[in-house]
Amino acid sequence: MTTIANNLQQVNDRISQACQAAGRARETVYLLAVSKTFGAAAVAEAAAAGQRAFGENYIQEGVDKILVLREMVPYALQWHCIGPIQSNKTRLVAEHFDWVHTVDRLKIAQRLSDQRPAHLPPMNVCIQVNVDGGDNKAGVPPEEALELALAVAKLPRLQLRGVMSIPEPYPEFAAQKAVHEAAHAVLERIRAALAVHADAHSAPWDTLSMGMTADLDAAIQAGSTMVRVGTGVFGARTYPAA
Ligand SMILES: *Cc1c(COP(=O)(O)O)cnc(C)c1O
């Protein structure tokens, strides 16, 4: 077994254990392998081991990889944009990715919807919420998330799927869990409002994107449905991106 295949098995085992501890079915948590800074060969190795969904932070790096992998592997891979998006990069994202986790401004969502090519299915998106403050952090404050979600839900070429968060890296399990629970609370508050506006929202509201290598267990305890794991799958990163 290759190192990446072995890592993937360990991460999947860890997810299974966390699900068991939380009394949840294993299928309720989806693994997104975060391949930023790693090359196409590493992604191909993970794909050969059965992994299908990959997350990228840097748009151009991600698009380059998407195009290479399309020729390189015989599987359909799913690509998630999990990094900040400037207005001048929305077209690249709309044309190449399947998901965007980092919608925190209506303007970006509008551009993604306008620029989504007609031959592709609607783009899956999550609202990024800044649950633990931090002025210079990406994400909408929790109290603004509902208004943004209701506006994004109306955009024709997007499917609003849920909430994403990147909290500060707290070392203790209890603190990790508490901040993830705050994101879960935002998800539930919006769920209730979307039910009232059901005519404007037909996509499944089913995604809580949170938890990384260091805190995925706490995130699963707090209700995460999609953990984004980089280091655990591919090993330590060296910056800057290659
Ligand atoms: C890099 C990154 C991850 C993965 O982090 P690891 O600690 O390597 O698992 C997850 N989510 C986002 C948004 C990231 O930027």
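Residues numbered from 1 in each chain as written. Predicted model: local features only at pLDDT ≥ 70, side-chain atom pairs only at ≥ 80, totals over all residues. Heavy atoms only, no water.

Re the UniProt feature "modified residue: N6-(pyridoxal phosphate)lysine" (unreviewed entry) in the protein chain
Right, so step 1: As recorded in UniProt, the sites labelled "modified residue: N6-(pyridoxal phosphate)lysine" (unreviewed entry) are Lys36.
Right, so step 2: Within the fold, lysine 36 resides in the loop between strand 1 (30–34) and helix 2 (40–48).
Right, so step 3: When its relative accessible area of 13% is taken as the criterion, lysine 36 is described as buried.
Right, so step 4: In contact with lysine 36, not counting residues within four places along its chain, are Gly55, Glu56, Asn57, Tyr58, Glu61, Lys65, Arg237 and Tyr239. (UniProt positions renumbered as here; feature names shortened; annotations may be inferred. Helix = DSSP H or I, 4+ residues; strand = E, 2+ residues; numbered from the N terminus. Buried < 20%, exposed > 50% of the residue type's maximum accessible area, 1.4 Å probe, protein only. Contact = heavy atoms within 4.5 Å.)

A word on the site of the ligand
Right, so step 1: The ligand sits among 13 residues. The nearest are Lys36, Asn57, Thr213, Thr231 and Arg237.
Right, so step 2: At a separation of 2.7 Å, an oxygen atom of the ligand approaches a polar side-chain atom of lysine 36.
Right, so step 3: Within the side chain of asparagine 57, a nitrogen or oxygen atom sits 2.7 Å from an oxygen atom of the ligand.
Right, so step 4: Of the residues in the shell around the ligand, the class split is six nonpolar, four polar and three charged. (Near = heavy atom within 4 Å. Polar contact = N/O pair within 3.5 Å; in protein donor to acceptor, adjacent residues only side chain to side chain. Nonpolar A, V, L, I, M, F, W, Y, C, P; charged D, E, K, R; others polar.)

Some points on the side chain of glutamate 61
Right, so step 1: Along the chain, the position of glutamate 61 falls in helix 3 (residues 59–72).
Right, so step 2: Judged by its relative accessible area of 15%, glutamate 61 falls in the buried class.

Looking at the nonpolar core
Right, so step 1: Counting 66 residues, the largest nonpolar core has Ile15, Val93, Val100, Ile127, Val152, Leu160 and Phe234 as its most contacted members.
Right, so step 2: For valine 152, the contacting residues outside a window of four places in its chain are Val103, Leu106, Ala109, Val125, Ile127, Leu158 and Leu160.
Right, so step 3: One finds Val34, Trp99, Cys126 and Met164 within the second-largest nonpolar core, a separate group that totals eight residues. (Core = buried A, V, L, I, M, F, W, Y, C linked by side-chain atoms within 4.5 Å.)

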